[in-house]
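Coordinate analysis (summary)
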Amino acid sequence: NMNRPARDCQEPGADSPFGIKYRSTTLQKEKIAQSKFKGTDRVTEERVKSEEMQILKQQIAGLQEELKGTEPYWHAACSKLRDQAELLTRQNMELRDELRGECEPYMTQTVIFEDNKRSLFMGIDKLYISPLLLEEDGTKKELGADERMTLISFSKADVKKIMTDQRVIYYYAGAQTTNTAYPDGLEVLQFPNNQIEKHYPDGTQEIVLPDHTVEWLYGDGLKETFFSDGIVVKVEKSRDKLVVLSDGQREIHTVQFRRREYPDGIVKAVFCNGRQETKCSTGKLQIKDEEGILILDK
């Protein structure tokens, strides 16, 4: 009897009723364990997503507060530019009306050439203005009563006016454009669409567009553009570009990379070979290769 196998300690056979019941119980336990594991994993994933959403909401709220803080500044700057553009427009219209009011009466006079002799039929007040020279092509040069202001009328309806303060005003009838040259070298061009250009002696140009966008062109090749919504764009002679957004973000575009700097200190860069870098204000650095695969996270 001592040599008989202890069958009570052995696992039931696969074909026995006890073996089938044993395997069924084991499978049920495994299914229960797997279900608990999946449920825990799902809860953890939902918690992470909730935390990420909360962080994004906080960042959006912070950016909205920063935008509210800078909005009065840009509103004041836009109002100032708008007032300047309206003032220049009014001055342009007044100058144009002045030129037309003074010049048109003399451009309607009749000139008849007979046998190379000039006959001039005029109906103007000689105390106000008197003719000095009349060319056969219809050009007329006249001198004001004070003998200081000179008016030149061309056959193509262009008018050149030399003022007493040495300003020279030329009105191009075909283009409806006025060019005013000042003694110090400044030239101001006023176009019919309300675009105004100022050309300074040092080569700098200031251009005010009809939509109140202001462009500055400098002699060293730098170009600055100030948009009415507060965006500023600077382009160097090397074609490097700096874009300053109204919310404080900055973008730098070069041949080698494009980088965006956020107000919270985050800096993102994309290089010409496709590599991407993200730096946080905390010092954390992430680098992805050209296929978007994370290769460094520290």
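The shown structure was predicted, so the numbers you read here are calculated from the model rather than taken from an experiment.

1. Section: the pairing of strand β11 (residues 205-208)
Along a regular strand, successive side chains alternate from one face of the sheet to the other. Two elements, strand β10 (residues 196-199) and β11, share 4 bridges in a ladder whose sense is antiparallel. In the sheet register, H199 faces β11, and the bridge partner there is Q205. Connecting β10 to the antiparallel partner β11 that follows it, the hairpin turn spans 5 residues, and G203 within it adopts a positive phi of roughly 95 degrees. In the sheet, β11 pairs with strand β12 (residues 214-217) via 4 bridges, with the strands oriented antiparallel. Bridging across to β12, Q205 finds its partner in L217. The antiparallel pairing of β11 with β12 creates a hairpin that spans 5 residues between the two strands, and H212 there sits at a positive phi of about 75 degrees.

2. Points about the packing of aromatic side chains
Counting across every chain of the model gives 4 aromatic pairs. Ring geometry for Y200 versus W216: centroids 6.2 Å apart, planes at 15 degrees, classification stacked. Taken as a pair, Y200 in the loop between β10 and β11 and W216 in strand β12 lie far apart in primary sequence, 16 residues in all. Residue class for Y200 comes out partly exposed when judged on its relative accessible area of 28%. Classification of W216 by relative accessible area gives partly exposed; the value is 22%. Ring centres of W216 and Y218 lie 6.2 Å apart, and the angle between their planes is 15 degrees; on these two criteria the pair is classed as stacked. Assessed through its relative accessible area of 29%, Y218 is described here as partly exposed.

3. A closer look at the layout of surface pockets
Approximately 380 Å³ is the volume found for the largest pocket. Around the largest pocket sit 17 residues that line it, and Q59, D264, I266, K268 and T278 are the ones nearest its centre. Elements supplying a minimum of two residues to the lining of the largest pocket: α1 (17-107), β19 (276-279) and β20 (285-288). Class assignment for the residues of the lining of the largest pocket results in 6 nonpolar, 5 polar and 6 charged.

4. What about the UniProt feature "domain: Centromere protein J C-terminal" (unreviewed entry) in the protein chain?
When the UniProt feature table is mapped onto this chain numbering, "domain: Centromere protein J C-terminal" (unreviewed entry) sits at residues 183-211 and 219-253. Between the end C-alpha atoms of residues 183-211 there is a gap of 30 Å, over a span that is 0% helix and 41% strand. When the span residues 219-253 is considered, its composition is 0% helix and 46% strand, and the gap between its end C-alpha atoms is 22 Å.

5. Comments concerning the pattern of salt bridges
When the charged atoms of two side chains with opposite charge come close together, those side chains can pair. Summed over all chains, the structure comprises 6 salt bridges. The partner of E251 in a salt bridge is R260, and the shortest N-O contact between them spans 1.8 Å. Since its relative accessible area comes to 17%, E251 is described here as buried. Put simply, R275 and E277 hold a salt bridge, and the shortest N to O gap is 2.3 Å. One network of salt bridges, in which partners are shared, links R250, R259 and E261.

6. Let's talk about unusual backbone geometry
Phi at Q176 takes a positive value of approximately 55 degrees, unusual for a residue other than glycine. Checked against the element boundaries, Q176 lands in the loop between β7 (168-172) and β8 (177-181). Even without glycine at this site, H212 takes up a positive phi of about 75 degrees. Structurally, H212 is set in the loop between β11 and β12. Assessed through its relative accessible area of 24%, H212 is described here as partly exposed.

7. Notes on a nonpolar patch on the surface
On the surface, a cluster of nonpolar side chains totalling about 250 Å² of accessible area is made up of I293, I295 and L296. A relative accessible area of 30% places L296 in the partly exposed class.

8. Looking at the pairing of β19
Strand direction decides the pairing type here: strand β18 (residues 267-271) and β19, joined by 4 bridges, are antiparallel. Its bridge partner being in β19, V270 is matched across the sheet by Q276. Connecting β18 to the antiparallel partner β19 that follows it, the hairpin turn spans 4 residues, and G274 within it adopts a positive phi of roughly 95 degrees. Where β19 meets β20, 4 bridges bridge the pair, whose relative direction is antiparallel. Each residue of the ladder has a partner; that of K279, found in β20, is L285.

9. Quick look at the environment of T213
As for its position among the elements, T213 is in the loop between β11 and β12. Note: C-alpha distance between T213 and C78 (135 residues apart in sequence) is 9.3 Å. The residues touching T213, leaving out its near neighbours within four places in the chain, are I207, V208, T225, F226 and F227. There is a polar contact of 3.1 Å between the side chain of T213 and the side chain of D211.

About the cut-offs
- Residues numbered from 1 in each chain as written.
- Predicted model: local features only at pLDDT ≥ 70, side-chain atom pairs only at ≥ 80, totals over all residues.
- Heavy atoms only, no water.
- Pairing = 2+ DSSP bridges.
- Helix = DSSP H or I, 4+ residues; strand = E, 2+ residues; numbered from the N terminus.
- Phe/Tyr/Trp six-rings, centres within 6.5 Å; stacked < 30°, edge-to-face > 60°.
- Buried < 20%, exposed > 50% of the residue type's maximum accessible area, 1.4 Å probe, protein only.
- 1 Å grid on protein atoms, 1.4 Å probe; cavity = no way out; pocket = protein on both sides within 12 Å on 5 of 7 lines; lining within 4 Å.
- Points joined across faces, edges and corners; volume = space filled by probe spheres on them.
- Nonpolar A, V, L, I, M, F, W, Y, C, P; charged D, E, K, R; others polar.
- UniProt positions renumbered as here; feature names shortened; annotations may be inferred.
- Salt bridge = Lys/Arg side-chain N within 4 Å of Asp/Glu carboxyl O.
- Patch = residues over 30% accessible without salt bridge, like charges linked within 9 Å, V, L, I, M, F, W, Y side chains within 5 Å.
- Areas by Shrake-Rupley, 256 points an atom, 1.4 Å probe, with all protein chains shown as cover.
- Contact = heavy atoms within 4.5 Å.
- Polar contact = N/O pair within 3.5 Å; in protein donor to acceptor, adjacent residues only side chain to side chain.

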